[in-house]
Amino acid sequence: MKKRMFVFIGIVILGAVCVFMYHHFAEPRIMDKGGMEDPDFTGDTGDEQLIKMDGDYSYVDNDALLNRIDGVWISEDEHYSLRLGSDYGITLSQDGEAVLEGTISFTYLQPGADRETELTLEPNILKHKDGTVIGTAASFYFVPAEEGDLLSMEIARGAKKPSEMSSTETEDENSESGIVVFRKSESVQH
């Protein structure tokens, strides 16, 4: 009986030593600032360092990506312009008229996932000042690229059902569905 008790106590002590060693040696190397495990992290654990999560220029620190997307973005056909603010605010304009004002939110992707960061719009209905609905921003992504970062927005025409429209809203028959690609405007200072 004593022999079994000594074996049991030995196993408990060995388990406690293993847990202590894990917390002391391994945990500081795999934990980032937010307390989330990152198996790809190999750098310093200092608070001042930005930690790459998935190798595509998206960082753990939301402020780093927010600073990167903050500013004025112009669509390739110059039909749309987009202003993203450091307060998470967004204003989308079509031919100089604001058609969406709201906020964005985003969450960074984990290692091994797609290379874009999805941005969520609230609200996502695009409409003229007179209430005419242009469509819905179906998806919105930040796409890092070596030749210059991009924002990609899919605008779905008629995505709002007639039963969901108020009596003052009508659908713009001239609007088109499609993907709008934005590049950051270097000429506008913010």
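Computed from a predicted structure; not experimentally measured.

Quick look at the overall build of the protein now. The helix and strand inventory of the protein stands at two helices and ten strands. N-terminal to C-terminal, the α/β element order of the protein is α-α-β-β-β-β-β-β-β-β-β-β. Expressed as a percentage of its 190 residues, the buried residues of the protein come to 35%. Of all intrachain contacts in the protein linking residues separated by at least 6 positions in sequence, the fraction that spans at least 24 positions is 46%. For the protein, the computed accessible surface area is about 11900 Å², with 53% contributed by carbon and sulfur atoms.

Turning our attention to the environment of glycine 135. For glycine 135, the location among the structural elements is in strand β7 (residues 132–143). Looking at glycine 135, the relative accessible area reads 0%, which means it is buried.

Turning next to the pattern of salt bridges. Under the defined criterion, the tally for this structure stands at three salt bridges. We note a salt bridge from aspartate 149 to arginine 68, for which the minimum N-O separation is 2.6 Å. Here aspartate 149 is found in the loop between β7 and β8 (150–156), whereas its partner arginine 68 is found in helix α2 (residues 62–69), with 81 residues between them in sequence. Taking the relative accessible area as the measure of exposure, aspartate 149 reaches 16% and is therefore buried.

To continue, consider the pairing of β7. A large share of β7 lies buried, amounting to nine of its twelve residues. In terms of strand pairing, strand β6 (residues 125–127) meets β7 through three bridges, oriented antiparallel. Bridge pairing in β7 links lysine 127 to valine 133. Between the antiparallel neighbours β6 and β7 lie four residues, among them glycine 131 with a positive phi of about 95 degrees. The pairing of β7 with β8 spans seven bridges and is classified as antiparallel. The partner of alanine 137 across the bridge, within β8, is isoleucine 155. Adjacent in sequence and paired antiparallel, β7 and β8 are bridged by six residues, among which glycine 148 carries a positive phi angle near 135 degrees.

Now for unusual backbone geometry. The linkage connecting glutamate 122 with the following residue, proline 123, adopts the cis geometry, with an omega of -5 degrees. Looking at the secondary structure, you find proline 123 in the loop between β5 (117–122) and β6. Here the phi dihedral of glutamate 78 falls at roughly 60 degrees; this positive angle occurs in a residue that is not glycine. Non-glycine residue aspartate 95 carries a positive phi angle of around 50 degrees. In this structure, aspartate 95 sits in the loop between β3 (89–94) and β4 (97–106).

What follows is about the nonpolar core. By size, the foremost hydrophobic cluster in this structure holds 25 residues, and its most contacted members are Ile69, Leu82, Leu92, Phe140, Leu151 and Phe182. Breaking this core down by element, the ones donating at least two residues are α2, β2 (80–84), β3, β4, β5, β7, β8 and β10 (178–184). In contact with leucine 92, not counting residues within four places along its chain, are Tyr80, Ser81, Leu82, Glu97, Ala98, Val99, Leu100, Leu126, Met153 and Phe182.

Our next topic: the pairing of strand β1 (residues 71–75). Counted residue by residue, β1 has four buried out of five residues, so it is predominantly covered. In this antiparallel pair of consecutive strands, β1 and β2, the connection spans four residues, and glutamate 78 shows a positive phi of 60 degrees. As defined by bridge partners, β1 adjoins β10 across three bridges and the pair is classed as antiparallel. In the strand pairing of β10, isoleucine 74 is matched with arginine 183.

The rules behind the values
Residues numbered from 1 in each chain as written. Predicted model: local features only at pLDDT ≥ 70, side-chain atom pairs only at ≥ 80, totals over all residues. Heavy atoms only, no water. Helix = DSSP H or I, 4+ residues; strand = E, 2+ residues; numbered from the N terminus. Buried < 20%, exposed > 50% of the residue type's maximum accessible area, 1.4 Å probe, protein only. Contact = heavy atoms within 4.5 Å. Areas by Shrake-Rupley, 256 points an atom, 1.4 Å probe, with all protein chains shown as cover. Salt bridge = Lys/Arg side-chain N within 4 Å of Asp/Glu carboxyl O. Pairing = 2+ DSSP bridges. Core = buried A, V, L, I, M, F, W, Y, C linked by side-chain atoms within 4.5 Å.

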